[in-house]
Amino acid sequence: MKFNYYSLLIAIFIMCNNTDVFSQNDQNFTIILDAGHGGKDPGNSYHGFTEKDIALKTTLKVGRFLERIADFKVIYTRTTDVFIELANRPKIANKANANLFISIHCNSVKSFQPYGTETFVMGLSRSDLNLEVAKKENSVILLEDNFKDTYQGFDPNKPESLIGLTMLQEENLNNSIILATEIQDNFTNNLKRNSRGIKQQPLWVLDAVYMPSVLIELGFLSNIEEGEYLNSDDGQDQMAFQIANAIVEYKKKYFGTGSIVDRAVQNRDNIPLSTNSSSSNTITYKVQLLASSKNIPLISSNFNGLSNISSTFENDLYRYMYGETSSLEQANKMQVEAQMVGYPDAFVVSSN
């Protein structure tokens, strides 16, 4: 019976995600799937449910769905019950030049009543509850050898240490929120799971990756009913199915369409985006400086002396742009200017 149910999910997944959709892309869309905790770090344990086991089983099932879709390449940070140092998880993603990083976990609190899913993206929050989640997920650092040297004095038990976790790639925040929204909407609309929302939090594993990233809390193991669901094969199948579908929908809607800028053309090393200086008169280029939830006045002093600043507002985020030109060559020069005055991750965006 179980085999038929899982096979049905796979059949539906393949049918709904015809590989012809992706035939325009020559390169694989690389996904890093990170099963939280592992080995000597069990994560949360309540009512006989263990986070590291549930996270691993669910993560592997997400991967099996995605591996059946053409143009997807799946890389796991772990496939067995082993301890992976927190610093090495993002290194795997960065080395692979991945498109997305997804870390899968289970939640818990002292009270047995709370339940529901939530998805985190990198950022700072003043919520005490969110800070407790950040401290808990970052606490694996204390199990590592030489953690003081590796993390340069970072202490997950000290809130002041969390303030030092700023985004290395703030332009990815908007894309991370888009993916998190797809995931949470699937959980709520398709599985009728209680949504606790999308939250920004200074989680080390998200901070160190160079691509859009999310950390999914599947639910609360401290809630016995939710723990039983997440510990079951059917519950894991259903959750994995919705996560995989969210990833595929994200790629369909945004990757390669101009809404998402591929890491390979973001010019992190000041390599020209194109050797062809000609451009179409119908295309306008700007340089994105940052994305933020704050509405910053568009004056030069707020942007390190840069003038001609514009902004857009989408998905509760302001995206701040520098300059405007129809010449890609000029846009590349503007990008270098932005990097020189303090925006090392600035990148060129285009619109018709």
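About the criteria used
- Residues numbered from 1 in each chain as written.
- Predicted model: local features only at pLDDT ≥ 70, side-chain atom pairs only at ≥ 80, totals over all residues.
- Heavy atoms only, no water.
- Helix = DSSP H or I, 4+ residues; strand = E, 2+ residues; numbered from the N terminus.
- Buried < 20%, exposed > 50% of the residue type's maximum accessible area, 1.4 Å probe, protein only.
- Areas by Shrake-Rupley, 256 points an atom, 1.4 Å probe, with all protein chains shown as cover.
- Salt bridge = Lys/Arg side-chain N within 4 Å of Asp/Glu carboxyl O.
- Pairing = 2+ DSSP bridges.
- Axes fitted to C-alpha atoms, helices over the stretch in contact; angles between N-to-C directions.
- Contact = heavy atoms within 4.5 Å.
- Phe/Tyr/Trp six-rings, centres within 6.5 Å; stacked < 30°, edge-to-face > 60°.
- Lys NZ or Arg CZ within 6 Å of the ring centre and 35° of its normal.
- Expected span 1.5 Å × (residues − 1).
- Parallel < 35°, antiparallel > 145°, perpendicular 65-115°, else oblique.
- Nonpolar A, V, L, I, M, F, W, Y, C, P; charged D, E, K, R; others polar.

- As annotated in an unreviewed UniProt entry, the chain is N-acetylmuramoyl-L-alanine amidase from Flavobacterium gillisiae.

Considering the overall build of the chain
Next up, step 1: Each helix and strand in the chain was counted, giving 11 helices and 12 strands.
Next up, step 2: Buried positions account for 51% of the 352 residues belonging to the chain.
Next up, step 3: When the accessible surface of the chain is split by element, carbon and sulfur atoms take 49% of a total near 16,100 Å².

Structural notes on the pattern of salt bridges
Next up, step 1: Applying the stated criterion across every chain, the model contains 9 salt bridges.
Next up, step 2: Between aspartate 34 and arginine 89 there is a salt bridge whose closest N-O contact spans 2.6 Å. Taken together, the positions of aspartate 34 in strand S1 (residues 29-35) and arginine 89 in helix H3 (residues 88-95) put the pair 55 residues apart, joining distant regions of the chain. Arginine 89 shares its class with aspartate 34; the two are buried.
Next up, step 3: With its nearest N and O atoms 2.7 Å apart, the salt bridge here joins lysine 199 to glutamate 118. Here the residue lysine 199 occupies a position in strand S7 (residues 195-201), and glutamate 118 occupies one in strand S6 (residues 117-122), the gap between them amounting to 81 residues. As far as burial versus exposure is concerned, lysine 199 and glutamate 118 are alike and both buried.
Next up, step 4: Connected through salt bridges with shared partners, the residues Lys61, Asp233 and Asp237 form a single ionic network.

Notes on the sheet that holds S1
Next up, step 1: In spatial order, the strands read S4-S1-S5-S8-S6-S7; together these 6 strands make up an open sheet with mixed pairing. Looking at which strands have only one partner, the edges of the open sheet turn out to be strand S4 (72-76) and S7. The mean angle between the axes of side-by-side strands here comes to 20°, regardless of whether they run parallel or antiparallel.
Next up, step 2: As paired strands, S1 and S4 are joined by 5 bridges and run parallel to one another. In the strand pairing of S4, leucine 33 is matched with tyrosine 76.
Next up, step 3: Its contacts with the sheet put helix H7 (residues 173-191) on strand S5 (100-107), S6, S7 and strand S8 (213-220), and the angle it makes with S6 is roughly 175°.

A closer look at the packing of aromatic side chains
Next up, step 1: The final tally for this structure, using the stated rule, is 6 aromatic pairs.
Next up, step 2: Between the aromatic rings of phenylalanine 303 and tyrosine 320, the centroid separation amounts to 5.4 Å while the plane-to-plane angle is 45°, which identifies the pairing as tilted. Of this pair, phenylalanine 303 sits in the loop between strand S9 (284-292) and strand S10 (309-314) while tyrosine 320 sits in strand S11 (residues 317-325); the two residues are 17 residues apart in sequence, bridging distant segments of the chain. Tyrosine 320 carries the same exposure label as phenylalanine 303, and that label is buried.
Next up, step 3: Among the aromatic residues, those joined into a cluster by ring pairs are Phe303, Phe313, Tyr318 and Tyr320.
Next up, step 4: The ring of phenylalanine 83 carries lysine 40 above its face, with NZ or CZ at 4.8 Å from the centroid.

As for helix H2 (residues 51-66)
Next up, step 1: Across its 16 residues, H2 extends 23 Å between first and last C-alpha, which sits within 8% of the 22 Å expected from 1.5 Å per residue.
Next up, step 2: For H2, a buried count of 13 out of 16 residues is recorded, marking the element as mostly surrounded by other parts of the structure.

Considerations on the environment of methionine 122
Next up, step 1: Residue position: methionine 122 is located in strand S6.
Next up, step 2: For the pair methionine 122 and proline 202, spaced 80 residues apart in sequence, the C-alpha separation works out to 5.5 Å.

As for the packing of helix H9 (residues 224-231) against helix H10 (residues 233-254)
Next up, step 1: It is at 4 Å that the axes of H9 and H10 come closest, and there the two elements cross at 80°. Between H9 and H10, the crossing angle belongs to the class labelled roughly perpendicular. Residue-level inspection shows Tyr229, Leu230 and Asn231 of H9 in contact with H10, the latter providing Asp233, Gly235, Gln236, Gln238 and Met239.
Next up, step 2: Residue composition of the contact of H9 with H10, grouped by class: 3 nonpolar, 4 polar and 1 charged.

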